[in-house]
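Residue-level listing of the chains:
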Amino acid sequence: MGLVRYSRWASRLKTLNSQTKPLLSSSSSSFSSVTTADNENPGRPGPPPIRVALTESFGRGVFATRKIETGELIHTAKPVLSHPSLSTIHKVCYFCLRKLKTTDSSQAQRVSFCSDECQRETKGFHDMEMRADWSAYDDYCRSRGLKYPLLVKRLACMAMSRAASANLLDILQPASLSPQMIVEMEEGFRLLRSAFENSNIIGEQMSFLTKQWYIGILARIRINAFRIELVGALYDDLLSSLAASIESEAAVGNAVYMLPSFYNHDCDPNSHIIWIENADARLKALRDVDEGEELRICYIDASMDHVARQSFLSQGFGFQCNCLRCLSGD
Ligand SMILES: C[S@@+](CC[C@H](N)C(=O)[O-])C[C@H]1O[C@@H](n2cnc3c(N)ncnc32)[C@H](O)[C@@H]1O
């Protein structure tokens, strides 16, 4: 998924499903780190004004539980899984993806952190990562231009060090995969497993690491991972008014979130997701949203024409877009 760069359609997605039964409450403990200002108690964070419920035709979606105003911060979210791109790995914090102020060329082979806090957060799984030789796995990703296997590697290390459950992503919708995609993933699985085996990590710690697990995680990451492009703090106010039409810098990495993964796509979205300085996501309203209206973001560059958008969504995410803009042929 990527930043929204374009939005011009008038909203017609009104009052969808205001009676729907919530599947997940936004204050649920499984969505730690989701915060917003409470209008009745200014200055005090309250539960965000959203709920996850079934939509009429796109599975689960996110709905406003009250009127939300243009530019309002709906909620923030911390990633449950993140990894820098291989090209930025020595330029950004290995945990939060914040750009590092200085990079020490004598330490070019080592990853760095922006703070002691980020280093502490990674302690368990980073120690596990350091025990194995990842050169063959990283070469496999680099030579094929793959980024998602890096997230699988990190989740595997988190699960082995008990920093996260191996089932962490089970709640997310998986992509349907073609037999050819599965064959291509098998090579990655073999390399991941042998990196652990060669570092003498064996037994119970590795019992979850089956081919089925590896493919299941990649299937979920394929639909739910976000490509992180940082816009920088100075852009925040501008973004509220210009609806994300500002070009951001190249991706610093990829990440998976829980609540943002339930936002459906629209080629004329009423909300968007942005990253200011690190992988902490901010979901903001692009226009006024009524209570009960579904909140949707744009997964791709909305300035593309109809054919290009459908092709991107079909090839990248495996679905045909049925938003109002596409249905109108625009
Ligand atoms: C990131 S998930 C969004 C949450 C998902 N609906 C769920 O139940 O978990 C993306 C998936 O939602 C569905 N979807 C989202 N936006 C859609 C759209 N505009 N048209 C058709 N299907 C859509 C597709 O199945 C897509 O693969």
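Structure shown above.
The rules behind the values
- Residues numbered from 1 in each chain as written.
- Predicted model: local features only at pLDDT ≥ 70, side-chain atom pairs only at ≥ 80, totals over all residues.
- Heavy atoms only, no water.
- Helix = DSSP H or I, 4+ residues; strand = E, 2+ residues; numbered from the N terminus.
- Contact = heavy atoms within 4.5 Å.
- Areas by Shrake-Rupley, 256 points an atom, 1.4 Å probe, with all protein chains shown as cover.
- Salt bridge = Lys/Arg side-chain N within 4 Å of Asp/Glu carboxyl O.
- Buried < 20%, exposed > 50% of the residue type's maximum accessible area, 1.4 Å probe, protein only.
- Axes fitted to C-alpha atoms, helices over the stretch in contact; angles between N-to-C directions.
- Left-handed = near helix turned anticlockwise from the far one by under 90°.
- Near = heavy atom within 4 Å.
- Polar contact = N/O pair within 3.5 Å; in protein donor to acceptor, adjacent residues only side chain to side chain.
- Nonpolar A, V, L, I, M, F, W, Y, C, P; charged D, E, K, R; others polar.
- Domains from an automatic or database assignment.
- Arc of directions from axis to C-beta.

S.K.: Talk me through the overall build of the chain; I want residue IDs and the actual numbers.
M.R.: When helices and strands are counted, the chain shows 8 helices and 13 strands. Excluding contacts between residues fewer than 6 apart, the proportion of contacts in the chain whose partners are at least 24 apart in sequence is 72%. About 15,800 Å² of surface is accessible on the chain, with carbon and sulfur atoms providing 50% of the total.

S.K.: Before we move on, could you go through the pattern of salt bridges and cite the residues and values that matter?
M.R.: One pass over the full model with this rule turns up 16 salt bridges. Two residues, D330 and R325, come together in a salt bridge whose shortest N-O distance is 3.3 Å. With relative accessibility at 3%, the residue R325 sits in the buried group. Overlapping salt bridges bring together D266, E294 and R296 as one network.

S.K.: Lay out the packing of helix α4 (residues 179-198) against helix α5 (residues 211-224) with the relevant residues and their values.
M.R.: Packed helices, taken two at a time, are described by their axes: the angle between them and the distance between them. At their nearest, the axes of α4 and α5 sit 10 Å apart, and the two run at 120° to each other. Here the hand of the crossing between α4 and α5 comes out right-handed. Residues M181, I182, M185, E186, G188, F189 and L192 of α4 touch α5, and the partners they reach there are K211, Y214, I215, L218 and R222.

S.K.: I'd love a proper account of the site of the ligand, names of residues and values included.
M.R.: Neighbouring the ligand are 17 residues; F58, R60, Q173, N264 and H265 lie closest to it. At a separation of 2.8 Å, an oxygen atom of the ligand approaches a polar backbone atom of R60. Within the backbone of H265, an N or O atom sits 2.9 Å from a nitrogen atom of the ligand. When the free accessible area of the ligand is taken as 570 Å², the share hidden by the protein chains comes to 93%. Secondary-structure elements contributing two or more residues to the shell around the ligand are α5 and β10 (264-265). Of the residues belonging to the shell around the ligand, the class tally is 8 nonpolar, 8 polar and 1 charged. Looking at which domains feed residues into the shell around the ligand, each of domain 1 (22-77 + 227-327) and domain 2 (81-224) supplies at least three.

S.K.: Now, about the side chain of E72: what can you tell me, with residues and values included?
M.R.: Looking at where E72 falls in the secondary structure, it is placed in the loop between β5 (60-64) and β6 (73-77). Contacts of E72, omitting those with residues within four sequence positions, involve R66, L283, K284 and A285.

S.K.: Provide a residue-level description of helix α2 (residues 135-144), including the pertinent values.
M.R.: The complete set of buried residues in α2 reads Y137, D138, Y140 and C141. The buried residues of α2 occupy an angular sector of 155° when the element is viewed end-on, so they sit on one face. For α2, exposure combined with an orientation more than 90 degrees from the buried face picks out R142 and S143. Buried residues belonging to α2 abut α3 (148-160), α4 and α5. Of the residues trailing α2, G145 is marked for its positive phi of about 65°.

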